[in-house]
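Take a look at the letters that make up each chain.
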Amino acid sequence: MSLTKDDKTNGLELQERVFNPSFQTDNDLDQSSLGDHQVQCISTITCTGEEQTAYTQIKPYAGMPKEVLLLYSSQTRYRLPREILFWLTIACTLTLIALTITVIALSPRCLSWWQTTPVYQVYPRSFKDSNGDGVGDLRGIKDKLSHFQYLNIKAIWISPFYKSPMKDFGYDVEDFRDVDPLFGTMADFDDLLASMHSMGLKLIMDYIPNHTSDKHIWFQLSRNQTEYYSDFYIWVNCTEGIPPNNWVSVFGNSSWTYDPVRGQCYFHQFLTEQPDLNFRNPNVVKEMTDIIHFWLKKGVDGFRMDAVKHILEAKHLRNEPQVNPEEPPETVNTEFQLYHDYTYTQLGLHDILRNWRVDLDEYGREPGRNRFMVTESYDYEETEKTMMYYGTRFAKEADFPFNFYLLDLPTGLSGVRAKELVNLWMSNMPRGKWPNWVVGNHDKARMSSRAGQDYVRVINMLLLTLPGTPTTYYGEEIGMENVNVSVIQDPFGKFNPNNSRDPQRTPMQWSSGLNAGFSDSKNGTWLDISPNFTTVNVEVQRGDPTSVLEQYRSLSLLRERETVLTRGWLCYVWADGDVFAFLRELDGLNRAFLVLLNFGEDTETDLSVILELPERLTVHMSTSSGTPSSFSKSKITTSKGQGLLLEYSTNQRFHPGHASECYVSEKACYLSALDILYQC
């Protein structure tokens, strides 16, 4: 737009165009006769009667035409700041990119979900009954999901709920793709899984590859020698009543049973009703792999692989050597009377497991959705066999095999014993692998009954302050004990009452109400309720800072909050007949913890020989009331079964000078200036 003067009114008029006196078209030149007096100039422009060849405006203005902008933008006072800003932007961008690359390159690997939380084992028969039949079920588990959130537990392992005749309470599977009506329906499972995921919880299933129920359709077709299924199980020629060799079942007696339908013996390492699958048949491997895919597609987060060492057997039928060669062969009828050279951990077992690992990884490519795999294998003193389940440097297998060595803690309970069992795992574990700790499960008597109630709290503190993943069996968080049941249900116990596993499988104690809050059944529960349920239950312990439950919760929350407890070094500093003590420290972090655990009697511990410790240690947590707020390192007093978590500040590290006493799985250092971890 431009302003022109109206000669008639002697005023200014706004015209719909921009007039540029230095820009002339041919038409403009032709109409020069109009006279210069017709072009009126704004006060900021100096006009002459001559043709304008350049702008003489003093400074730029808003809405200036391109020609004016180009004229002024080339001046130094405008060009120089613009160039400085441009190169500063480039420099800052490159710096941010370089810093990002550096942080990514130096950052340690993020821990997976199964490394940052305890794993909680639910025995579904005994956790919570939702329909009043006296047996726990899937809806009952869903009703109690808030309990896991309260404990800060995010990974739940549920023991078998497949369709089953229940000869071994679900470990004899009739259909791997269905839920037993006792526990609910597949819709109940889908609802439970969806609810767990919406709450940030992970579900780990029990997977039972070694055997099926004799009611499984595969076995029925195999015993009839139906094509394709004929060799799904291990069949050999035999005479009824005369087994082909001396192989014995885990539950006792011969592992061979004659089948009159087929006229041969079939092999079973557990109950007669649990025939072993023939994993040397590729079709069996394929079918069992398809079952893994079935549940992965549903969204389960991982599997506990049951009894994996039993999966393969030697092709020959040689007798296994007796532990006592002088013992009459006809008296050999239990697992521990033989060396299982031909039935346990056979060549080819790890190939099967590694292939399953690949299958799980295919479903775990999304962030936070990596699928978990843990193996169960009781190898006892053969530690090297257990460690093989970690895989190799080139082929991953299990994320970890279950570590059952702490289950032996009550045998010779002491500080020295505790260190010995912890070190048994840490010193044999392959470099860089992740440890784990188990102090109870459905197969072993409860720790509170074996070690005594006095040691429940200190054992939980040990479990939750060691590096690695702790596993808690339901009820351990409140100190549940074994129960002398009135009627034995366990098939193992029916063979030998001393081996019954029923006492550690009794219903969860939720409250002081009917059936301990486990069930509304008026006809009792599938196993007897503990007589101490009015004093040992979740409801009465919740909110009491001195209770087993609240101390467990505090340690679980602390474990998540303190990086040193998940990433830091473990260093042994003391072990005697009463006390086991270790440090948890992290390079670059000026705060560390001393964990001092009393597995004996009242005592006083002098750690003045540990020069890396400061003179004064602050009590962060104690399992006993009335504990001082701090201790001198030369005089730390603890009572029977007491655990202390002592905090201190220091820039001096213990592990550089004591390499043989220290371990770390996923090494990282802390940079306080940026509050980040980096590889070191």
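Per-chain numbering applies: the sequence of each chain, read as written, is numbered from 1 onward. Restriction of local features to residues with pLDDT of at least 70 applies here, the model being predicted, together with a cutoff of 80 or more for giving and counting side-chain atom pairs; totals for whole chains, interfaces and linings are based on all residues. Excluded from the side-chain calculations are hydrogens and water; all other atoms, namely the structure's heavy atoms, are used.

1. Comments concerning the overall build of the protein chain
For clarity, the threshold we go by: Here a helix means four or more residues in a row that DSSP labels H or I, a strand means two or more in a row labelled E, and each is numbered from the N terminus. A simple rule labels every residue: compare its accessible area, found with a 1.4 Å probe on the protein chains alone, to the largest value its type can have, and call it buried under 20%, exposed over 50%, or partly exposed in between. Contacts are residue-level and defined by heavy atoms, with any inter-residue pair within 4.5 Å sufficient. Working definition of accessibility: Shrake-Rupley area with a 1.4 Å probe, residue cover restricted to the visible protein chains.
Helix and strand counts for the protein chain come out as 18 helices and 26 strands. Taking the principal axes of its C-alpha atoms as reference, the protein chain extends roughly 135 × 75 × 55 Å. The burial tally for the protein chain puts 52% of its 680 residues in the buried class. Within the protein chain, counting contacts between residues at least 6 apart in sequence, those at least 24 apart form 67% of the total. Roughly 31100 Å² of accessible area belongs to the protein chain as shown, and the carbon and sulfur atoms make up 52% of that amount.

2. Notes on the UniProt feature "transmembrane region" (unreviewed entry) in the protein chain
For clarity, the cut-off: UniProt positions are given in the numbering used here, feature names are shortened, and annotations may be inferred rather than shown by experiment.
Annotation from UniProt places "transmembrane region" (unreviewed entry) at residues 84-106. The span residues 84-106 shows a helical share of 100% and a strand share of 0%, and its end C-alpha atoms are spaced 32 Å apart.

3. Comments concerning the state of the cysteines
Stated formally: The disulfide criterion used throughout: a pair of cysteine sulfur atoms within 2.5 Å.
For the structure shown, the criterion picks out 3 disulfides. Note that Cys 238 is cross-linked by a disulfide to Cys 265, the S-S spacing being 1.9 Å. With the S-S dihedral at roughly 85°, the linkage between Cys 238 and Cys 265 falls on the right-handed side. Of this pair, Cys 238 sits in the loop between β8 (235-236) and β9 (256-259) while Cys 265 is found in strand β10 (residues 264-267), placing the two residues 27 residues apart along the sequence. Taking the relative accessible area as the measure of exposure, Cys 238 reaches 17% and is therefore buried. Classification of Cys 265 as buried rests on a relative accessible area of 3%. The partner cysteine of Cys 571 in its disulfide is Cys 662, sulfur to sulfur 2.2 Å. With the S-S bond torsion at 120°, the cross-link from Cys 571 to Cys 662 turns out right-handed.

4. Quick word on the packing of aromatic side chains
Quick note on the threshold: Within 6.5 Å between ring centres, the rings of Phe, Tyr and Trp (the latter by its six-membered ring) count as paired, and their orientation is classed by plane angle as stacked under 30 degrees, edge-to-face over 60, tilted in between. Cation placement over rings: the criterion is NZ of Lys or CZ of Arg within 6 Å of the ring centroid and within 35° of the ring normal.
Across all of its chains, the model carries 47 aromatic pairs by this definition. Note on Tyr 572 and Phe 580: the rings are 6.1 Å apart at their centroids and 45° apart in plane angle, and the pair reads as tilted. Here Tyr 572 matches Phe 580 in class, with each residue buried. Members of the aromatic cluster, connected to one another through ring pairs, are Trp 113, Trp 114, Trp 157, Phe 336, Phe 372, Tyr 378, Tyr 380, Phe 400, Phe 402 and Phe 404. Lying over the aromatic face of Tyr 150, Arg 542 brings its terminal NZ or CZ to 3.7 Å of the ring centre. Taking the ring centre of Tyr 150 as reference, the NZ or CZ of Arg 553 above it sits at 4.1 Å.

5. A few points about the pattern of salt bridges
Under the convention used in this document: For this document, the term salt bridge refers to a Lys or Arg side-chain nitrogen within 4 Å of an Asp or Glu carboxyl oxygen.
For the structure shown, the criterion picks out 28 salt bridges. Of the charged contacts, one joins Asp 188 and Arg 139 as a salt bridge, the two residues approaching to 2.9 Å between their closest N and O atoms. One end of the pair, Asp 188, is in helix α7 (residues 186-198); the other, Arg 139, is in helix α5 (residues 138-143), and 49 residues separate them in sequence. Arg 139 gets classed as exposed once you look at its relative accessible area, which sits at 53%. Arg 354 is the partner of Glu 397 in a salt bridge, and the nearest nitrogen-oxygen pair spans 3.2 Å. Residue Glu 397 is found in the loop between α11 (383-387) and β13 (400-401), and its partner Arg 354 is found in helix α10 (residues 349-362); the two are separated by 43 residues along the sequence. On the basis of relative accessibility, which here comes to 0%, the residue Glu 397 falls in the buried class. The exposure class of Arg 354 is partly exposed, given its relative accessible area of 22%.

6. A few points about the side chain of Glu 476
The condition that has to hold: Positive residues here are Lys and Arg, negative ones are Asp and Glu, while His and the chain termini are left out of the count.
Locating Glu 476 in the fold gives a position in the loop between β15 (469-473) and α15 (491-495). Look at Glu 476: it is buried, it has no salt bridge, and the nearest opposite charge is Arg 446 at 5.2 Å. Every residue in contact with Glu 476, bar those within four places of it in the chain, is listed here: Val 439, Gly 440, Asn 441, Arg 446, Val 456, Asn 460, Thr 471 and Val 548.

7. Describing the confidence of the model for the protein chain
Interpretation of the predicted coordinates at a detailed level should be avoided for regions scoring low in pLDDT. Worth spelling out the cut-off: Across the chain, each position has a pLDDT score giving the predictor's confidence in that residue, from 0 to 100.
The predicted model of the protein chain has a mean per-residue pLDDT of 91, with 91% of residues at 70 or higher. Segment residues 1-5: pLDDT under 50, and 21 contacts once partners within four positions in sequence are set aside and those in other chains are kept. Every residue in residues 8-14 scores below 50 in pLDDT, and together they form 13 contacts with partners more than four places removed in sequence or on other chains.

8. Brief notes about empty space enclosed by the protein
Operational definition: For cavity detection a 1 Å grid was placed over the protein atoms alone, and a set of points counts as a cavity when a 1.4 Å probe fits there but cannot get out; an open set counts as a pocket when protein lies on both sides within 12 Å along at least five of seven lines, with lining residues being those that have an atom within 4 Å of a point. Grid points are joined across faces, edges and corners, and a volume is the space filled by probe spheres set on the points. Residues are grouped as follows: nonpolar covers Ala, Val, Leu, Ile, Met, Phe, Trp, Tyr, Cys and Pro; charged covers Asp, Glu, Lys and Arg; every other residue, Gly included, is treated as polar.
Applying the stated criterion to the full structure yields 4 cavities of 30 Å³ or more. Taken as a whole, the largest cavity spans an internal volume of roughly 100 Å³. Surrounding the largest cavity, Val 439, Arg 446, Met 447, Ser 448, Tyr 455, Val 456, Ile 459, Asn 460, Glu 476, Gly 479 and Met 480 form its lining. Mapped by element, the contributors of at least two residues to the lining of the largest cavity are α13 (447-450) and α14 (456-465). Each residue belonging to the lining of the largest cavity can be placed in one class, and the counts come to 6 nonpolar, 3 polar and 2 charged.

9. Here's the deal with the layout of surface pockets
Taken as a whole, the second largest pocket holds about 710 Å³ of empty space. Every residue lining the second largest pocket is counted, 33 residues in all, and those nearest its centre are Val 250, Glu 335, Asp 443, Phe 492 and Arg 501. Residues that form the lining of the second largest pocket fall into these classes: 11 nonpolar, 13 polar and 9 charged.

10. Some thoughts on the sheet that holds strand β20 (residues 616-622)
Applicable threshold: Strand pairing is assigned whenever DSSP identifies at least 2 bridges connecting the two strands. Every axis in this analysis is a line fitted to C-alpha atoms, fitted for helices over the stretch in contact. Angles between the N-to-C directions lie between 0 and 180 degrees.
On the basis of which strands lie adjacent, the open sheet formed by 7 strands has the order β21-β20-β23-β18-β17-β16-β24 and antiparallel pairing. Edge positions in the sheet fall to β21 (630-632) and β24 (662-663), since each of these pairs with one other strand and no more. Relative to the sheet, helix α12 (residues 415-426) contacts β16 (569-575), β17 (579-585) and β24, its axis offset from that of β16 by approximately 150°. Packing against the sheet, helix α17 (residues 548-561) makes contact with β20 and β23 (643-649), and its axis sits at approximately 120° to β20.

11. Some thoughts on the UniProt feature "domain: Glycosyl hydrolase family 13 catalytic" (unreviewed entry) in the protein chain
Per the UniProt entry, the sites bearing "domain: Glycosyl hydrolase family 13 catalytic" (unreviewed entry) are residues 121-505 in this numbering. End-to-end, the C-alpha atoms of residues 121-505 are 12 Å apart, and along that stretch the chain is 27% helix and 12% strand.

12. Examining a nonpolar patch on the surface
Note the following rule: Residues form patches when they are more than 30% accessible in relative terms and have no salt bridge. Like charges link within 9 Å. Nonpolar side chains (Val, Leu, Ile, Met, Phe, Trp, Tyr) link within 5 Å.
A cluster of nonpolar side chains, namely Phe 86, Trp 87, Ile 90, Leu 94, Ile 97 and Ile 101, defines an oily patch on the protein surface of about 630 Å² accessible area. Looking at where Phe 86 falls in the secondary structure, it is placed in helix α3 (residues 76-106). In this structure Phe 86 comes out as partly exposed when scored by relative accessible area, which is 45%.

13. A few points about the packing of helix α9 (residues 282-298) against α10
Put simply, the rule reads: Oblique is the label for any angle not covered by the other classes, which are roughly parallel (under 35 degrees), roughly antiparallel (over 145) and roughly perpendicular (65 to 115). It is the rotation of the near helix from the far one that decides the hand of a crossing: anticlockwise by less than a right angle makes it left-handed, clockwise makes it right-handed.
Where α9 contacts α10, the two axes come as close as 11 Å, and the packing angle between them is 25°. Here α9 lies roughly parallel to α10, going by the angle between them. The interaxial crossing formed by α9 with α10 has right-handed handedness. On α10, the residues touching Met 288, Thr 289, Ile 292, His 293 and Leu 296 of α9 are Trp 356, Asp 359, Leu 360 and Glu 362. Its residues placed into classes, the contact of α9 with α10 shows 5 nonpolar, 2 polar and 2 charged.

14. What about the sheet that holds β8?
Ordered by their spatial adjacency, 3 strands build an open sheet running β8-β10-β9, and the pairing between neighbours is antiparallel. Whereas interior strands pair on both sides, the edge strands pair on one side only; in this sheet they are β8 and β9. Relative to β10, β9 runs antiparallel, the two sharing 4 bridges. Looking at the pairing, Asp 259 lines up with Gln 264 of β10.

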